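# Observations on chain architecture
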Amino acid sequence: MRKKIITDTNIWYDLNSTEVLEISKNYILVIPIIVLNELYTSPNLWRSKDKFDKLKKAVKTIIDNKAKIEFIELDPFEFLLHDIFPINKSRLNLQEYLNALTELTTLEFEQVKDIRIDRYDISGFTNFINEKSIDYKKRVDSDKGKFKRLNTLGYMEKYILMLANDNLAQVDSSYPKMESLNNNKFEMLINTFDEMFREVSRSTMKLEDNDWIDIFNMTYVAKGELYWTKEKSKLRHIKSAGCEQYLFNQSYS
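Quick notes on the rules
Residues numbered from 1 in each chain as written. Predicted model: local features only at pLDDT ≥ 70, side-chain atom pairs only at ≥ 80, totals over all residues. Heavy atoms only, no water. Axes fitted to C-alpha atoms, helices over the stretch in contact; angles between N-to-C directions. Helix = DSSP H or I, 4+ residues; strand = E, 2+ residues; numbered from the N terminus. Parallel < 35°, antiparallel > 145°, perpendicular 65-115°, else oblique. Contact = heavy atoms within 4.5 Å. Nonpolar A, V, L, I, M, F, W, Y, C, P; charged D, E, K, R; others polar. Buried < 20%, exposed > 50% of the residue type's maximum accessible area, 1.4 Å probe, protein only. Polar contact = N/O pair within 3.5 Å; in protein donor to acceptor, adjacent residues only side chain to side chain.

## Quick look at the packing of helix α9 (residues 187-201) against helix α11 (residues 232-240)
Running from N to C, α9 and α11 cross one another at 110 degrees; their axes reach a closest spacing of 8 Å. In terms of orientation, α9 and α11 fall into the roughly perpendicular class. On α11, the residues that touch M188, T192, E195, M196 and E199 of α9 are R236, H237, I238 and S240. A class-by-class count of the residues in the contact of α9 with α11 yields 3 nonpolar, 3 polar and 3 charged.

Here is the structure:
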């Protein structure tokens, strides 16, 4: 049985159709819809011709090989809820993204350089996350150097649930409120998000908008599945969180 590989956005900038075919012999490449959104709203559309050409190549690889790829239409919070409650329709539309990206492969830089596709404003969400990291700092200080992962994983689970429930309630008030997460299924998300907060709490760094998007891409990675990214900071958090076994090593075997 082929294992699933949930892919990060940056992977598709380097892949070509030959590699996709080779990998697909042994694995199922998976693209969550938030990855398609990142590509569709990327500033690389207008920053320069070189960046646009690289983006266009990444999109073309996806479109040319979409029959070999598994797409996930649910956003991360919907995906969490779907574990306990069936969601029949996502707030996002997979086919619309695929249609728009297909059209992109037919365009040239001169046709898009003046186009700005605004991403959903998540700056308030990011600021809220940074404020919450202060709670982690208090726990670090109170433990006087004995800050073990066990002390904060439960807190992180509650925090993710709060974010998800608040967000979903705004979308559909009929959705049930989640009381707990399947720690076995969402181990990578919980542990890696926790590790990121631990790092933020021990330093003066602040999370940027893309940081939490990258983290929530891990929502889709269940036990026994793999995650593929080339981003160094993300790889560091995953390994520090004890989740290295989820990483795809690109051996293609």
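## Focus on the side chain of T229
With respect to the helices and strands, the residue T229 is situated in the loop between β4 (226-228) and α11. We classify T229 as buried; its relative accessible area is 6%. Only 3.4 Å separates the side chain of T229 from the side chain of N10, close enough to count as a polar contact. Within polar-contact distance, the side chain of T229 engages the backbone nitrogen of E231 at 3.2 Å. Every residue in contact with T229, bar those within four places of it in the chain, is listed here: D8, N10, I11, K234, L235 and I238.

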